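Letter by letter, the chains look like this.
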Amino acid sequence: MKIMVVGGDGFCGWPTTLHLARNGHECLIVDNLSRRRIDEELGSNSLTSIATLTDRVRVAKGLVGNISFKILDIASEYDRLIETIRDFRPDAIIQFGEQRAAPYSMIDDRTRRYTVDNNITGTHNICSAIVEVDRNIHLVHLGTMGVYGYSKDFGAIPEGYLDIEIKSTGKDVSVLYPSNPGSVYHMTKCLDQLIFQFYVKNWGLRVTDLHQGIVWGVETDETKLDPMLVNRFDYDGVYGTVLNRFIAQAANGYPLTVYGAGGQSRAFIHISDTARCVKLAVENPDLSNPRVRIFNQVAEARSIGELANILKEKCGCEIQNVPNPRKELPENELEVHSMGLRSLGFDPITLSNHLIDDVHFIAEAAKSGFNAEKVLTSPKW
């Protein structure tokens, strides 16, 4: 297949592109390199040394498969986006090209507006371009479990749709699960859902929306092939996902900073499984589905306190409870349905000491880049 990967230079996009190419697909990365610029803006860094996109792709072509790239901002360069889709003629477009950090979206007025402008305009531009060029293109979008919120008001979280009874008529209907975003970033993912629902209803687009859990880990089978292919490893309070942040702290003798009492339960998935799940979604489009196909892309649910205690036992590090900068429930239960991807063959990686060792090794090897002042940088909201 020919696959356009928007945001293919990013934390999830790069290893997914490598995985797709290694499995015989022709991949075109479309990226505006904004994530690299945000590092400079925040004064933060990846613990791993990231090669330029030019060098990454050059090495990947020799070791992995058919990958090319184009520097393009899909939110502001719509004509070039249309031209690129017409020239490349993809079978599928994967949308990773959204600003992905909830904390970044809540820093100030500028980052709130940037997140909305980039995420919503970019995703809508892809949908509109597909209508103009080829409505058979399969759009695969990386969403988030955060669209659901984290309560059990409606029971276990289903895959996108909630089956309800209308009391006034007695009819049973299926509706999009009520959105409950916890940040501007999560709000954009909720708005994405409405865009997809409309484009599927009005133009019959083929859309798969992957509501992903929190990603941990850094390496995949493909990124291990050469140092030039290494993935980024964020540990700061803005872009560092919680388990990766904990691992970097433990490796550097820094107390694990748990927000509040650590009773927040969240869904998690390893970065290798992100790549595998996207591949499954791309290779198995549901041509008969009359609505947006929604999968919960998760491996397991754990509480933040549980994760901290696993690392404390493993590494002998201390735990430091700090005031929670986020407006969220201090504790919650979480039960998630995720049979969609499992029915396609997804066998998830679950948290284990072996995998913690893998990431811990990377953090140890990159100690010289660790900046303790960047750990507690999340804005308050």
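> I tried to follow the sheet that holds strand β12 (residues 293-297) on my own but got confused; where do I start?
Strand pairs in the sheet, formed through backbone hydrogen bonds, run parallel or antiparallel to each other. A sheet is described by the order of its strands in space; here seven strands give the open sequence β3-β2-β1-β4-β5-β8-β12, paired in parallel fashion. Two strands in the sheet have a free side with no partner beyond their single neighbour: β3 (67-71) and β12. The mean inter-strand angle of the sheet, taken between neighbouring strand axes irrespective of direction, is 20 degrees. When strand β2 (residues 26-31) meets β3, the two strands line up parallel, connected through five bridges.

> How should I be thinking about the packing of helix α10 (residues 304-315) against helix α12 (residues 353-365) in this particular structure?
Relative orientation and spacing of two packed helices are given, respectively, by the angle between their axes and the distance between those axes. At a minimum axis separation of 12 Å, α10 and α12 run at an interaxial angle of 75 degrees. On the basis of their axis angle, the class for α10 and α12 is roughly perpendicular. Across the interface between the two elements, Ile 310, Leu 311, Lys 314 and Cys 315 of α10 pack against Asn 353, Ile 356, Asp 357 and His 360 of α12. Taken together, the residues of the contact of α10 with α12 sort by class into four nonpolar, two polar and two charged.

> In this structure, what is going on with α12? I would like to understand it.
Side chains three or four residues apart in an α-helix point the same way, a direct result of the helix having 3.6 residues per turn. Here α12 spans 18 Å end to end across 13 residues, near enough to the 18 Å set by a 1.5 Å rise per residue. Of the residues making up α12, those classed as buried are Leu 355, Ile 356, Val 359, His 360, Ile 362 and Ala 363. Looking straight down α12, one finds its buried side chains confined to an arc of 155 degrees; they lie on one side. Pointing more than 90 degrees away from the buried face of α12 are the exposed residues His 354, Phe 361 and Ala 365. The elements touched by buried residues of α12 are β9 (214-216), α8 (242-251), β11 (265-270) and α10.

> Would you explain unusual backbone geometry in this entry?
Most peptide bonds take the trans form, and the phi angle of most residues other than glycine is negative. Of note, the phi angle at Leu 33 is positive, near 60 degrees, even though the residue is not glycine. Looking at where Leu 33 falls in the secondary structure, it is placed in the loop between β2 and α2 (34-42). Of note, the phi angle at Arg 89 is positive, near 55 degrees, even though the residue is not glycine.

> Any chance you could explain the side chain of Arg 232 here in plain terms?
Examined against the element boundaries, Arg 232 turns out to sit in the loop between β9 and α8. Judged by relative accessible area, Arg 232 falls into the buried class, the value being 6%. Looking at Arg 232, its side chain comes within polar contact range of the side chain of Asp 39, at 2.7 Å. In terms of polar contacts, Arg 232 uses its side chain to reach the side chain of Asp 234, at 2.7 Å. In this structure Arg 232 touches Phe 11, Arg 35, Asp 39, Ser 46, Thr 48, Ile 50, Arg 56 and Val 218, once residues within four positions along its chain are discounted.

> Honestly, the packing of aromatic side chains in this entry has me stumped. Any pointers?
When we look at a pair of aromatic rings, we describe it by the centre distance and by the angle of the planes. Under the counting rule described, the total for this entry stands at eight aromatic pairs. Considering the side-chain rings of Tyr 148 and Tyr 177, the 5.0 Å spacing of their centres and the 90 degrees angle between planes classify their relative orientation as edge-to-face. Residue Tyr 148 is found in the loop between β5 (138-144) and β6 (161-166), and its partner Tyr 177 is found in the loop between β7 (171-176) and α7 (184-203); the two are separated by 29 residues along the sequence. For Tyr 177, a relative accessible area of 4% translates into the label buried. With a centroid separation of 5.9 Å and 85 degrees between ring planes, the pair formed by Phe 198 and Tyr 199 is classed as edge-to-face. Classification of Phe 198 by relative accessible area gives partly exposed; the value is 38%.

> Sorry, what's going on with the sheet that holds β11 here?
One open sheet holds the three strands; their spatial order is β9-β11-β13, and the pairing between them is mixed. Whereas interior strands pair on both sides, the edge strands pair on one side only; in this sheet they are β9 and β13 (300-303). With strand direction ignored, the average angle separating the axes of adjacent strands in the sheet is 50 degrees. Sheet topology places β11 next to β13; four bridges connect them, and they run antiparallel. What sits directly across from Arg 266, in β13, is Arg 302. Here α10 sits on the sheet in contact with β11 and β13, set at roughly 80 degrees to β13.

> Can you help me understand the nonpolar core in this one?
Where a protein is soluble and globular, its nonpolar side chains tend to be buried together. Of all hydrophobic cores here, the largest spans 39 residues; its most connected members are Met 4, Ile 85, Ile 93, Ile 126 and Leu 139. Counting only elements with at least two residues in this core, the list comes to β1 (2-6), β2, α4 (78-88), α6 (109-133), β6 and α7. Examining the composition of this core, we find that seven residues originate from one element, α6, more than from any other. Discounting chain neighbours no more than four positions away, the residues touching Ile 126 are Val 6, Ile 74, Leu 81, Ile 93, Gln 95 and Leu 139. Grouped together as the second largest cluster of nonpolar side chains are 34 residues, Phe 11, Phe 96, Val 215 and Val 282 included.

The rules behind the values
- Residues numbered from 1 in each chain as written.
- Predicted model: local features only at pLDDT ≥ 70, side-chain atom pairs only at ≥ 80, totals over all residues.
- Heavy atoms only, no water.
- Pairing = 2+ DSSP bridges.
- Helix = DSSP H or I, 4+ residues; strand = E, 2+ residues; numbered from the N terminus.
- Axes fitted to C-alpha atoms, helices over the stretch in contact; angles between N-to-C directions.
- Parallel < 35°, antiparallel > 145°, perpendicular 65-115°, else oblique.
- Contact = heavy atoms within 4.5 Å.
- Nonpolar A, V, L, I, M, F, W, Y, C, P; charged D, E, K, R; others polar.
- Expected span 1.5 Å × (residues − 1).
- Buried < 20%, exposed > 50% of the residue type's maximum accessible area, 1.4 Å probe, protein only.
- Arc of directions from axis to C-beta.
- Polar contact = N/O pair within 3.5 Å; in protein donor to acceptor, adjacent residues only side chain to side chain.
- Phe/Tyr/Trp six-rings, centres within 6.5 Å; stacked < 30°, edge-to-face > 60°.
- Core = buried A, V, L, I, M, F, W, Y, C linked by side-chain atoms within 4.5 Å.

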